[in-house]
Each structure stands twice: as structure tokens, then as C-alpha cells.
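Reading the structure
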Amino acid sequence: MYILSDNIISPLGFSTAENFEAVCLGRSALRYYSDKFDLPEPFYASLIEEDRLNEAFGKLPVNHRRYTRLEMMSILSAYSAIMDSGIDAGADDVLFVFSTTKGNVELLDEENSFEKERVYLWRSAQIVAKFFGNDNEPVVVSNACISGCAAQIAAMNYLENHNYKYAVVIGAEVLSKFIVSGFQSFKALSPTLCKPFDKNRCGLNLGEAAATIVYAKEDDAVTVTENAVRLVGGAMHNDANHISAPSRTGEGLYRSLMQLCPHNIAFISAHGTATAYNDDMESVAINRAGLNRIPVTSLKGYFGHTLGAAGVVESIISCHALQNHIVLKTAGTEEVGTVNPINVCLANAEITELSFIKMMSGFGGSNAALLFTENKKID
Amino acid sequence: MDVYILSSCRITNDRLIADGKEVLTRNCEKGPAWLNTIYRALGIQYPKFFKMDNLAKVGFLAAEVVMHDTEIARDRENYAVVCLNSASSIDDDRAYQQTIASKELFFPSPAVFVYTLANIVTGEIAIRHNIFGESSFYVYENFSALRLYDSIKDVFNNPDMSAVIGGWVNYDEDCDVLMLRACRLSDPEKMLLSENNINNLYK
Amino acid sequence: MEELILELKKEIIEVLNLDGMTPEEIDENAALFGDGLGLDSIDALELIVLMEKNYGIKLANAAEGRDIFRSVATMAKYVSEHRTK
């Protein structure tokens, strides 16, 4: 299926162009926060400013409903992507696929005037789809950190096997006391800016974002631009090992990579969270799959780990890198040190191949890999 | 390609039904005590069960039932786990919220937090049964036989996949589960995976 | 010390949901992780919470806890030396 358009809402910008430019220039959205969310311990994170979000949302054609932060970000992102795609988002053949891990979970925290069911993920997805006049029941994918990749695979399934022409894939996550305290209790957060694949890495930074990709079915009479990017394949495999610790053999990720049979790959857009075990696990899987010479990049140093949004955000940035013939540097990394050697990209570099792999792993032992290819005529 | 239902398990607040036959009725308190009763009735030895949240417990138990007549396999390359529900991990979300609600007694629990991801139940099932295929979790407002049918059937688009443990696994004060073991085969003796048959098993 | 060891055993059984286990069944000198009680990385994190909640001892990460959590006896020794409540 083809990408028709996309959008990213993050502290680096409210359009894909702004976000991509910021990443190319090496700018990071990560900041130091103390006293945020009433938490006793400080942390680094990438957070979207409330005022900026409200201002941008206020410019949308009006509606009188009250929206949560997550819904505002999702609607803003989807609105921009849908406008750019030119599709009629309210049509019967358009399916909304929503990716998030915790949705509006912060509503559990305090008294609020939202209805009780607003904390359910399906409700947020419904509200977003309804904003665009779409009456199909949205698909919500909640597969921990791989959600954003799993949602794109779900969209592909629906476009290929069911009566839909277009899929609007939205990944969104907002941070809250709930999420940050949980990762703190897991001792997973870095006391510094994260350093993916670095020998001194000591944890991840969290981030919030919303991102949207509008996909079109391949055999449709859709006109795509000459260098449009296609999602060619997706694979998911479980480690069958532990619910939170990554497999030491990289089992599920290795199997996902092998299922895609990748060749002529320009780069691997890794998960690269900067936790000790995740990055080692990825290095093992990459080596087992024989991809150890392919440039590997992690975008966590720019956006933090945006959880349910990450798979969508990072796919979009990587697609634009592919179209611009570059592989992006891994921000924050000084000296690479993983259990198996991999070719971590430490400076933006030119590429010639036309495909890349996006991969993700997460709690529950889940792993996903996606294969994207730029549409080029071979003369 | 046809897909057949080889076994099914329904768990509600009050009953455990295996392959359409009632095997256990609740005579204890509802909720966690009921799940522990089922665990003991099934005669399983799996201490990790007691570390799970209610959603993972009930999904684990239903998977035990649908897998009871399978041989213990070291690797199940060709199996997938797919679960759907309405409340995602809301029951455990509320439990975790309790651990962070007070400023004075602020002790976020990692063991509770990890289950605030709905898909952990699919991971628990994959670990127990050595399943290396995909593990997916989807959320919809209500039980829908069609959505369950589609979610299971779509797994078989991957020609390497031959079996799915798939079902509706909801735990939100009430317990509402229908788990299926579905396989790709040609056996008219078995029950065809269809919207209608799923609805009959859910009743 | 005897009393603290018993108290720790009871707390471990409770917070780690070691169903059906009694304090007598835990050998205070046996390994908590690996072959011993078979605890895992999430249990280690939960023990860090237990140390802070019940004894006012803050540990920065699981690595710091590795030696302390070797057995109930090593835990008891550390608690008796460092407890603030």
C-alpha cells in the first residue's frame, strides 16, 4: 500500500516538514523536567506545550465538543494528513486505525468533567473518527511499544483483504504521572539525555507525539507521486520468553526480520530505546539476520520514546529520509557499544538503496519489522 | 482456505464452558477468587499465574482450556495469539493508579505497572505455549463476532501460520471471555470458523 | 535478626505473590534469584519498592540491589544496617 500523505505533531513542529527539518539539523525535543506531573523525581522528556497545542487546535474548523489532549493532538495530526491526501475521510471505504498504549489514562488521576467511558481507548478512537465524519468502527491497536508498527500491518490487512480503499493510521501518546511514574518504577528512565547503542547508555527518555499516515490500496486507481513510498511488508513475532525483559537471542525480532527477506536495504530504523537490554537485543537480532553492515539509526534522541506513536512517527521520518537519500544520525550517541557489533550511523550520510526497515520491540515480548520501498521506475 | 475451530472456552462471571459444555460453576466470590478456583480446578502448576493481573489470568486460563489436548511443544513456530477486548487493561490501570494516588504513600509498583499494557496477556500465553508467531491486541467498543473472525482469519494470510489462539478477553469488573483455537485444515467434522459459529459459542 | 528475617519472608511472599508458600519454606540462605525461589527482574524491582516502602531504604537501580537481594539473610543484614524506619 502507498503512503499518500503524513503528519507529525511533536515539540519539534506540527508538520512533517518542520519535524524532518529539525531532525536533519540535529535538534532534539528532549528537555529536563522537575516537579512535572507532581512527581518526586525529575526526568528528561519530550513534551508538547499546552498553549501551542490549544492555539493550533483553535484554528481548526470549529466543533463544540470538549477534547482531551490526546484527542486534540490526534485530530490535529489527522486533519493535516487528510487535507494533504485529498481523500474524503468520511467515505465508507476509509478506515481509521488508531495506535496508543494508554490513551486518556490520565483521566483516572483526578476529578474531571469527561464522561466515565472517556478513559477507554475505543472511545478516543471513535471521537477522532467522528470528527472527520467517518462512521466505520475504528480499529484500535494496543500492542505496547510496537503498536505503531502493528497498526500499519493491521491497515495493510484491511486494505488487502477487506473493502477499504484508504486507511488513516494515527499513533498518539500523551505523557502523564501514570506513565512516567511507571517507567521510573521500572528504573528504565535515563538520568541524562538518552544515548542509543552507546556503551554508556543508561535508559530511555519518554516523549509525546501524534502522527498520521494516510495509506491507499495498491491496485486502486490512485495517482501517487513518482517517489511515493510503499509499505511492502510487515512481520510480527513473539519472543515467548519474558513479559518485560527482551530476549537475549533477539528471537522474535530475528524471526520478524527473516520473514521480510530484506535485501538492498539502505538503513535500519531501529527501536534503539537506549536501555541496556533492548539495544543489545537488537544488535543480536541484526547480526543473526546477517544485516550487521547495514547502517542502523535510532530516532529516540530527537523525540524520546513516544510509545504508541513511536512506530508511526519513526516510520514517517525514515520515509522522508529515504526520499531525501539520507540516513539520519543517531542523536546522543558518542561511543557505540553493543553486545554484537552493528553499524550505528553517527552522522547524516548519503544512501543509494531504495528500501529501509523499521523495527520495534516491546513489553509482552512483541516484535515487529516493516519494509518500506521508494517507488522508482527502473529503466 | 478454510479455518476450523478445534476447541473453545467461554469464561463468564459464573461459568466455565469448554467446547460448549459447562465444566465449572462459580460457588465462591466473583472476581479474583473465581479465577483462582478455575486455576485449581484445571490442576495446573504454574506459579507465575499468581503474579498476573486479572486480565492476564483469565486469558491464560482460557488458553489453557483450548490447548489442553495439545502436546507440549518446545517451539510453536506456526502459532499466533490474537486477543480483542473493550476495556484494554482498565482493571489493572485502576490498581496501578492506587499505588500513585497519594503523595504521602507514593510507591508506584513495577509489578502492577507492567500489566497496564493490554497485550501482556498475549505475551503470557505465548510464553506458556512457546508461541513464536505474531501476538496482537485490538480494542473495540463491544464484542463482535465479525471482528474476531476477521482478526483470526487475517493471521492466516501469512502462509507460515497454521494455528491461532484467539479470542475476546475482557475484564472490567465483570469477566467476559471467549477463546478459540483455530487451525487451517480441511476437516468437515470440525466446526467451521464463521461469524455465526462464533456467535453461538459466545451466547 | 531472627524476627527481621521472618518479617522479610512474610513481606516477600506477599508482595511477590508467592502463592501457597510459607515463611518456613524459604531458606534464608538460599538464592532468591536463579535456581532458588526463581524470582525474575520484575520481582527485583518490586523488592526495591519493598525496601523503600517498609524500611525507608532507597536503591537507585536493580544493579545496586544485586548483592543485597542475594538471599533473605543478606537482605536482613542490609536492612538492619541501613533502615530509616
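Quick caveat: nothing in here was measured; it's all calculated off a predicted structure. (Residues numbered from 1 in each chain as written. Chains lettered and ligands numbered in written order. Predicted model: local features only at pLDDT ≥ 70, side-chain atom pairs only at ≥ 80, totals over all residues. Heavy atoms only, no water.)

**Overview of the sheet that holds strand 2 (residues 31–33) of chain A**
Residue and element names in this part refer to chain A. Read from one edge to the other, the open sheet built from three strands follows the order 2-3-7, with strand pairing classed as mixed. For this open sheet the edge positions go to strand 2 and strand 7 (206–207), each flanked by a neighbour on one side alone. One ladder, built from three bridges, connects strand 2 with strand 3 (residues 43–46); its direction is antiparallel. Bridging across to strand 3, Arg31 finds its partner in Ala45. (Pairing = 2+ DSSP bridges. Helix = DSSP H or I, 4+ residues; strand = E, 2+ residues; numbered from the N terminus.)

**Some thoughts on the interface of chain B and chain C**
Taken together, the contact pairs ten residues of chain B with 14 residues of chain C. Note on chain B versus chain C: buried area summed over both sides is about 960 Å², and carbon and sulfur give 62% of it. Per-residue buried area on chain B facing chain C is highest for Lys51, Phe107 and Pro110 of chain B; these three make up 57% of the total on that side. At the junction of chain B with chain C, the criterion picks out two salt bridges. For Arg40 of chain B, the salt bridge goes to Asp19 of chain C, with nearest N and O atoms at 3.3 Å. Remark: the boundary between chain B and chain C carries five residue pairs in polar contact (both at pLDDT 80 or more). (Contact = heavy atoms within 4.5 Å. Buried area = accessible area lost by both parts, 1.4 Å probe. Salt bridge = Lys/Arg side-chain N within 4 Å of Asp/Glu carboxyl O. Polar contact = N/O pair within 3.5 Å; in protein donor to acceptor, adjacent residues only side chain to side chain.)

**Section: the pairing of strand 3 (residues 21–25) of chain B**
Residues and elements named next belong to chain B. As paired strands, strand 2 (residues 15–18) and strand 3 are joined by four bridges and run antiparallel to one another. Along strand 3, the bridge assignment pairs Arg15 with Thr25. The hairpin turn running from strand 2 into strand 3, its antiparallel successor, is two residues long, and Asp19 in that turn takes a positive phi close to 45°.

**Let's talk about the domain arrangement of chain A**
Residues and elements named next belong to chain A. As far as domains go, chain A holds domain 1 (2–220) and domain 2 (230–373). Computed over C-alpha atoms only, the centres of domain 1 and domain 2 are separated by 20 Å. Counting residues at the interface gives 61 residues for domain 1, matched by 65 residues for domain 2. Note on domain 1 versus domain 2: buried area summed over both sides is about 4800 Å², and carbon and sulfur give 71% of it. Taken as a group, Phe20, Phe197 and Arg201 account for 18% of the area that domain 1 buries against domain 2, more than any other trio of residues on that side. Our count for the contact surface shared by domain 1 and domain 2 stands at five salt bridges. Two residues, Glu335 and Lys199, come together in a salt bridge whose shortest N-O distance is 3.4 Å. One can count 23 residue pairs in polar contact (both at pLDDT 80 or more) joining domain 1 with domain 2. (Domains from an automatic or database assignment.)

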